[in-house]
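Residues per chain are reported as follows:
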Amino acid sequence: MKMIFVGAIAAVAFAATPASAAITVFTGDTTTGPTFNRPLSGRPPTNLSGVGTAVRYFVTPFTVTLAGNYNFLNSAVYDAYLGIHANSFNPSNALVNALAYDDDAGPGSDSQILGLGLNAGVSYFAVSSSFANNDFGAFRLTIDGPGNIIGGNVAAVPEPATWALMIFGFGLVGFAMRRRRQRVTITYA
């Protein structure tokens, strides 16, 4: 009985720990990607570029597990550009569903979108591209915020409360198996 009480206290304490999301990193390469006329910077963008009329792009679909403000950083050796779309991304009509686009995050060639409000369960699309038509290559997209980011080849990680319930359940099954008395039937001939 003492084991169940200690296990229950540990499970409740573990479940009460606030969930903290890890930083999620996606990588890709725009070198052989399709092209589109990218939007100008804005939240939301309102016009298409006159310079980036046929930039190569790579789309990373993702969702978030908690609503809140999320930060995006797109790093590349070329002049990176980053856009976020909600619900769908249509390269032939790039302004539709566009939440934000950014060119430069200060010095260097990174693009950054800070504090973008996202909702749990909505399909989002990060569009990694470049400033000019002749810029392309490998990129690194980093996303962080209050919830977990699920998309691409990133697997979902259970929340602490889920782990606590699983551990508690395994403990109860183990305890029940240990306490179960075995019945032995002896037959005399």
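Because the structure is predicted, anything quoted here is derived from the model rather than measured.

## Quick notes on the sheet that holds strand β10 (residues 138-144)
Spatial ordering of the open sheet is given by β1-β10-β5-β8, a layout of four strands whose pairing is antiparallel. Each edge of the open sheet carries a strand with a single partner, namely β1 (24-29) and β8 (111-118). Strand-to-strand twist across the sheet, computed as the mean angle between neighbouring axes with direction ignored, equals 20°. Direction of pairing for strand β5 (residues 68-76) relative to β10: antiparallel, over a ladder of six bridges. If you follow N74 over to β10, its bridge partner there is L141.

## Considerations on the environment of F131
Within the element layout of this structure, F131 appears in the loop between β9 (124-130) and β10. A relative accessible area of 30% means that F131 is categorised as partly exposed. In this structure, the C-alpha to C-alpha distance between F131 and S109, residues 22 residues apart in sequence, is 9.5 Å. Leaving out residues up to four positions away in the same chain, F131 has contacts with R38, V51, G52, V55, D79, Y81 and D103.

## Thoughts on the confidence of the model for the protein
Mean pLDDT over the protein: 80, with 67% of residues reaching 70 or higher. Note that residues 1-19 has pLDDT below 50 and, in this model, 16 contacts with residues that lie over four places away or in other chains. Taken together, the stretch residues 153-157 has pLDDT below 50 and engages in five contacts with residues farther than four places along the chain or on a different chain.

## Side note on the pairing of strand β7 (residues 98-102)
As a general feature of sheets, a regular strand has side chains that alternate between the two faces. Counting buried positions over the five residues of β7 gives four, a clear majority of the element. As defined by bridge partners, strand β6 (residues 80-86) adjoins β7 across four bridges and the pair is classed as antiparallel. The residue of β7 that forms the bridge with G83 is Y101.

## Here we look at the packing of aromatic side chains
Aromatic ring pairs: the centre-centre distance and the angle between the two ring planes describe each pair. Across all of its chains, the model carries seven aromatic pairs by this definition. Geometrically, the ring pair formed by F62 and F72 is tilted, given 5.9 Å between the ring centres and 55° between the ring planes. With F62 in strand β4 (residues 58-64) and F72 in strand β5, this residue pair connects regions lying ten residues apart in the sequence. The class of F62 is buried, set by a relative accessible area of 2%. The exposure class assigned to F72 is buried, which follows from its relative accessible area of 1%. Following the ring pairs from residue to residue traces out a cluster consisting of F36, Y57 and F89. Its end group placed over the ring of Y81, R38 keeps NZ or CZ at 3.9 Å from the ring centre. The cationic tip of R56 hangs over the ring face of F136; the distance from NZ or CZ to the ring centre is 5.8 Å.

## Points about the nonpolar core
The biggest cluster of nonpolar side chains holds 21 residues, and the ones touching the most others in it are F62, F72, I84, L118 and I143. It is β6 that contributes the most residues to this core, four residues altogether. Beyond its immediate stretch of four places on either side in the chain, F72 contacts F62, L82, I84, S111, Q112, I113, L116, L118, T142 and I143. F36, Y81, F89 and Y101 belong to the second largest nonpolar core, which has ten residues in total.

## Comments concerning the side chain of S129
With respect to the helices and strands, the residue S129 is situated in strand β9. For S129, a relative accessible area of 0% puts it in the buried group. Residues within four places of S129 in sequence aside, it is in contact with F36, R38, V55, R56, Y57, N74, Y78, D79, A80 and Y81.

Cut-offs used in this document
- One numbering rule holds for all chains: residues counted from 1, following each sequence as written.
- Residue-level local features of this predicted model are given only where pLDDT is at least 70; pairs of side-chain atoms are given and counted only at 80 or more, and the full residue set underlies all totals for whole chains, interfaces and linings.
- No hydrogens and no water enter the side-chain calculation; it runs on all heavy atoms of the structure.
- The pairing criterion is simple: DSSP has to find at least two bridges between the two strands.
- Think of it this way: any DSSP run of H or I at least four residues long counts as a helix, any run of E at least two long counts as a strand, and we number them from the N terminus.
- To obtain an axis, a line is fitted to C-alpha atoms, over the contacting stretch when the element is a helix, and the angle between two such axes runs from 0 to 180 degrees between their N-to-C directions.
- Burial classes follow relative accessibility: with a 1.4 Å probe on protein chains only, a residue under 20% of its type's maximum area counts as buried, one over 50% as exposed, and anything between as partly exposed.
- The criterion used for residue contact is that any of the two residues' heavy atoms lie within 4.5 Å.
- Per residue, pLDDT captures the predictor's confidence, and it can take any value from 0 to 100.
- A pair of Phe, Tyr and Trp rings is counted when the ring centres sit within 6.5 Å of each other, with Trp represented by its six-membered ring. The angle between the planes then sorts it: under 30 degrees is stacked, over 60 is edge-to-face, the rest tilted.
- Two thresholds decide whether a charge sits over a ring: the Lys NZ or Arg CZ must be within 6 Å of the ring centre and within 35 degrees of the ring normal.
- Definition used in this section: a nonpolar core is a set of buried Ala, Val, Leu, Ile, Met, Phe, Trp, Tyr and Cys residues joined via side-chain atoms within 4.5 Å.

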